[in-house]
Amino acid sequence: MAQVSIKDNEVDVVIGVLHADMTSFMEEWRPVFSRFHLIIIKDPDLKDELRIPEGFNLHVYTKSDIERVVRPSSASLLLSGYSCRYFGYLVSQKKYIISIDDDCIPARDSDGNLVDVVTQHVTNLTTPATPFFFNTLYDPYRKGADFVRGYPFSLRSGVTCALSCGLWLNLADYDAPTQALKPGQRNSRYVDAVLTVPAKVMMPVSGINIGFDREMVGPALLPALRLAREGNLRWETVEDIWCGMCLKVVCDHLRLGVKSGLPYVWRKERGDAIESLQKEWEGVKLMEEVVPFFQSVRLSRAAVTAEDCVVEIAEAVKQRLGPLDPVFARAAQAMVDWVKLWKVVRTQSPPSVA
Amino acid sequence: MAETSVSPTPLLKDELDIVIPTIRNLDFLEMWRPFFQPYHLIIVQDGDPSKVIKVPEGFDYELYNRNDINRILGPKASCISFKDSACRCFGYMVSKKKYIFTIDDDCFVAKDPSGKEINALEQHIKNLLTPSTPFFFNTLYDPYREGADFVRGYPFSLREGVPTAVSHGLWLNIPDYDAPTQLVKPRERNTRFVDAVLTIPKGTLFPMCGMNLAFNRELIGPAMYFGLMGDGQPIGRYDDMWAGWCMKVICDHLELGVKTGLPYIWHSKASNPFVNLKKEYKGIYWQEELIPFFQAATLTEECTTVQKCYIELSKQVRAKLGKVDDYFIKLADAMLTWIEAWDELNQAEGDSTELPNGAKK
């Protein structure tokens, strides 16, 4: 397949910052990030001043910026912790967004080369996805691969890829019970594959390392499912899992693709899984209801944009999950509010920067 | 929670048969000797039955040529292809074992990135003995592999998985491309070792290649009919595809799992793309009808065994695909013949293919 040339000015790298000292993070990522424009969102709950090294093209948004743009107080509440990054998606003007957690550094591939997470995500997003039939040689658009015998020719043009889900070496994205039971387990397996997650198949999308086409699906990446005791460790949240499943339903409905696999990031050691067990147990329980819901939700033909889809999903959430737990009713409302906010921000002139 | 212990993989030497179709010779077995010698081989000789196929010393095997197939099946032998490796499914039928591993005679031992030789059979056994997870995609691939697990967000109620019926391996060097792709990319070689096994999700179809394949014969055997190909047939090189699509619909219905990925073998021989094109030609058009057919195929609650599922599928093939070409009517007949022959030869099994709590959609 032809080499993909990345148009640097089509990309925003959005980082939600939960740790004030960004020095080592930014230095580790300098070889990859220095080409691109960065949007840094400071967690509104973070009190300390951010420390960011020189030499990057970036904009920083803090609590005051968020509160200026996001007037309804519920949205402001939702944009703390990991969810602060959604503000970055809201204000970005670019086509592609790459978002990484601030406790990740670049990984190295099997040959020892630094993984350029941005280029790989953009490559995934700018080559077609193939959700309607599984290719056993994985992504057929990768160099050295193709569609295998038996793959229908009519399905070989694929569809636009809207979401690229990357993976993690070292600390994998396990939930608290799993990590607590296997405290020493680290992911050292570098799987050299990108594959399309088939249509109608649900998956847990981890927010740690993603890329997406903001023009196609931007409004569907939203802060909605907030746990009562949500914390600042990934295994104390499920907001990205919720958002990812909404996104998969949206993509399936709009005939867009979702890829999973490369690129990898290296996730640093952090937190105590056993301590976190208390906070995230709620999330683990909720998944039992959430997954069957998303597997069965159907959208109408009238839903032709990501916004339309989100609104319909929100209504279904309110009707079917709302009665089960107030967290769902709040999530449904947050989704509706977010879509409204997205429309408002889109029609205004670009918000001023810090 | 996924299994954490690293116990050695059982050999299963008395529970697994290796089925090999061949028309040339079996020299390739020398390279596999360290891995295959403990096992019983079923060799299905295609082509001229008067040719003597030399089997390397030291292997325990039974060999069937066309005369044997005709003798054993009588008129039902019509369902077994002639002059096509599809004849291998005769080997599945006569086997008495729980597991089958089938491999082509131009497939050799591959090496992993560290240079170590890959014991493909051992990996297939691992795949078959651990559950599959078809209901929700795990982004870290097979959660039962050492060093992996279910990721955050994966519902605990789905972590037991379902029994694995099929393990589909891959190939380094000559990739399994169709003729048009081979013609356009004659030099392309698969050099990418992807260190993953994954479950093909429920509701998702895939092209199953028969070159490096293992399955649980007790769970899914009757669905592994490789169709009517080769001599006297309008199509070739779609035997494994056909079996794979039927199999997947049935596995989805009976809640059995299908894995793909490791192990790799080294595929050494590129078949002639012009010969392939002639064989595949009709298939390339027909698959445009076949895929929607299989994607839409549903089986009723009454289909609680593989045989019942297969018979029901054959009715749908006759009714819907019969309109595409008369070949499918012949194929539907052959599917029924296959099931009759299977049941006759496997009478002793009785209800072993029925799942304990019956399958429901």
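This is a predicted model, so every value here is computed, not measured. (Residues numbered from 1 in each chain as written. Chains lettered and ligands numbered in written order. Predicted model: local features only at pLDDT ≥ 70, side-chain atom pairs only at ≥ 80, totals over all residues. Heavy atoms only, no water.)

This part is about the pattern of salt bridges. All chains considered together, the criterion is met by 40 salt bridges over all chains. Note that B:Arg71 is salt-bridged to B:Asp68, the shortest N-O span being 2.8 Å. Highlighted residues: B:Arg71 and B:Asp68, both in helix α2 (residues 66-73), separated by three residues, approximately one helical turn. A relative accessible area of 59% means that B:Arg71 is categorised as exposed. Residue B:Asp68 is classed as buried on the basis of its relative accessible area of 16%. What you see here is one network of salt bridges that share partners, running through A:Arg85, A:Asp101, A:Asp173, A:Arg234, A:Glu239, A:Asp240 and B:Arg152. (Salt bridge = Lys/Arg side-chain N within 4 Å of Asp/Glu carboxyl O. Helix = DSSP H or I, 4+ residues; strand = E, 2+ residues; numbered from the N terminus. Buried < 20%, exposed > 50% of the residue type's maximum accessible area, 1.4 Å probe, protein only.)

A few words on the packing of helix α10 (residues 306-321) of chain A against helix α11 (residues 326-347) of chain A. Residue and element names in this part refer to chain A. Taken N-terminus to C-terminus, the directions of α10 and α11 make an angle of 160 degrees; their axes are 8 Å apart at the nearest point. Considering the angle they form, α10 stands roughly antiparallel to α11. In the crossing of α10 with α11, the sense of the turn from one axis to the other is left-handed. Between α10 and α11, the residues in contact are Glu307, Val310, Val311, Ile313, Ala314, Val317, Lys318 and Leu321 and Phe328, Ala332, Met335, Val336, Val339, Trp342 and Lys343, respectively. The class makeup of the residues in the contact of α10 with α11 is twelve nonpolar, no polar and three charged. (Axes fitted to C-alpha atoms, helices over the stretch in contact; angles between N-to-C directions. Parallel < 35°, antiparallel > 145°, perpendicular 65-115°, else oblique. Left-handed = near helix turned anticlockwise from the far one by under 90°. Contact = heavy atoms within 4.5 Å. Nonpolar A, V, L, I, M, F, W, Y, C, P; charged D, E, K, R; others polar.)

Next up on the list: the nonpolar core. When a protein is soluble and globular, its nonpolar side chains tend to lie buried together. A:Phe33, A:Trp242, B:Ile220 and B:Trp242 are the most contacted members of the largest nonpolar core, which totals 249 residues. Here the element with the most residues in this core is α11(A); it accounts for eleven residues. Not counting chain neighbours up to four residues away, the residues in contact with A:Phe33 comprise A:Val13, A:Ile15, A:Phe25, A:Leu38, A:Phe56, A:Ile100 and A:Val118. The next biggest cluster of nonpolar side chains, apart from the first, holds five residues, and it includes A:Ala176, A:Ala180, A:Leu233 and A:Ala273. (Core = buried A, V, L, I, M, F, W, Y, C linked by side-chain atoms within 4.5 Å.)

Moving on to the interface of chain A and chain B. Chain A puts 62 residues into the contact, and the matching count from chain B is 62 residues. For the pair chain A and chain B, the two sides together bury roughly 5,100 Å², of which 59% comes from carbon and sulfur. Sorting the residues of chain A by area buried against chain B places A:Phe134, A:Arg149 and A:Arg189 first, and these three jointly supply 17% of that buried surface. Here chain A is connected to chain B by 30 residue pairs in polar contact (both at pLDDT 80 or more). Counting residues per element, the side of chain A that touches chain B draws most heavily on helix α9 (residues 273-296) of chain A, which supplies six residues. (Buried area = accessible area lost by both parts, 1.4 Å probe. Polar contact = N/O pair within 3.5 Å; in protein donor to acceptor, adjacent residues only side chain to side chain.)

Residue and element names in this part refer to chain A. Between the first and last C-alpha of helix α8 (residues 239-253) there are 21 Å, a value that for 15 residues agrees with the 21 Å anticipated at 1.5 Å per step. In terms of burial, α8 is largely enclosed, as 14 of its 15 residues are buried. Phi turns positive one or two residues past the end of α8, at arginine 255, with a value near 55 degrees. (Expected span 1.5 Å × (residues − 1).)

Next up on the list: helix α4 (residues 120-129) of chain B. Since the α-helix advances by 3.6 residues per turn, residues separated by three or four positions end up pointing in the same direction. Most of α4(B) is tucked away: seven of the ten residues are buried. When α4(B) is considered as a whole, its buried residues turn out to be B:Ala120, B:Leu121, B:Gln123, B:His124, B:Ile125, B:Asn127 and B:Leu128.

The subject of this paragraph is the UniProt feature "site: Required for activity" (unreviewed entry) in chain B. In the numbering used here, UniProt assigns the "site: Required for activity" (unreviewed entry) feature to B:Arg152 and B:Arg159. With respect to the element layout, B:Arg152 can be found in the loop between α4 and β6 (164-173). At 3.4 Å, the side chain of B:Arg152 and the backbone oxygen of A:Arg234 are in polar contact. With respect to the helices, strands and loops of the structure, B:Arg159 is situated in the loop between α4 and β6. (UniProt positions renumbered as here; feature names shortened; annotations may be inferred.)

Moving on: a nonpolar patch on the surface. All names here are of chain B. Together, Leu183, Val184 and Phe274 line one region of the surface with nonpolar side chains, adding up to about 330 Å² of accessible area. Relative to the helices and strands, phenylalanine 274 resides in helix α8 (residues 273-296). Judged by relative accessible area, which is 60%, phenylalanine 274 ranks as exposed. (Patch = residues over 30% accessible without salt bridge, like charges linked within 9 Å, V, L, I, M, F, W, Y side chains within 5 Å. Areas by Shrake-Rupley, 256 points an atom, 1.4 Å probe, with all protein chains shown as cover.)

All names here are of chain A. Across all of its chains, the model carries 35 aromatic pairs over all chains by this definition. Seen from their ring centres, tryptophan 29 and phenylalanine 33 are 4.9 Å apart, and the 5 degrees between their planes marks the pair as stacked. Taken together, the residues span about one helical turn, with tryptophan 29 and phenylalanine 33 both in helix α1 (residues 23-33) at a distance of four residues. Judged on exposure class, the residue tryptophan 29 and its partner phenylalanine 33 are both buried. (Phe/Tyr/Trp six-rings, centres within 6.5 Å; stacked < 30°, edge-to-face > 60°.)

Right, let's talk about the pairing of strand β8 (residues 209-213) of chain A for a bit. All names here are of chain A. Of all five residues making up β8, five are buried, and the element is well covered by its neighbours. The alternating pattern of β8 places Asn209, Gly211 and Asp213 and Ile210 and Phe212 on opposite faces, both of which are buried. Two strands pair when backbone bridges link them, and strand β4 (residues 96-100) and β8 are joined in this way by five bridges, in the antiparallel orientation. Looking at β8, one finds that isoleucine 97 is bridged to phenylalanine 212. Across three bridges, strand β6 (residues 161-170) lies against β8 in antiparallel orientation. In the strand pairing of β8, cysteine 165 is matched with isoleucine 210. (Pairing = 2+ DSSP bridges.)

Residue and element names in this part refer to chain B. By secondary structure assignment, the location of methionine 247 is in helix α7 (residues 239-254). C-alpha separation for the pair methionine 247 and valine 306, spaced 59 residues apart in sequence, amounts to 9.1 Å. Setting aside its immediate chain neighbours within four residues, methionine 247 contacts Val166, Phe206, Met208, Ile220, Ala223, Met224 and Val258.

Next up on the list: unusual backbone geometry. Geometrically, the link from A:Leu262 to A:Pro263 is a cis peptide bond, its omega value of 10 degrees lying close to zero. Position of A:Pro263 relative to the elements: it lies in strand β9 (residues 257-267). Cis peptide bonds are those with omega within 30 degrees of zero, and the linkage from B:Leu262 to B:Pro263 qualifies with 10 degrees. Looking at the element boundaries, B:Pro263 is found in strand β9 (residues 257-267). Even without glycine at this site, B:Leu12 takes up a positive phi of about 55 degrees. Along the chain, B:Leu12 turns up in the segment before β1 (16-22).

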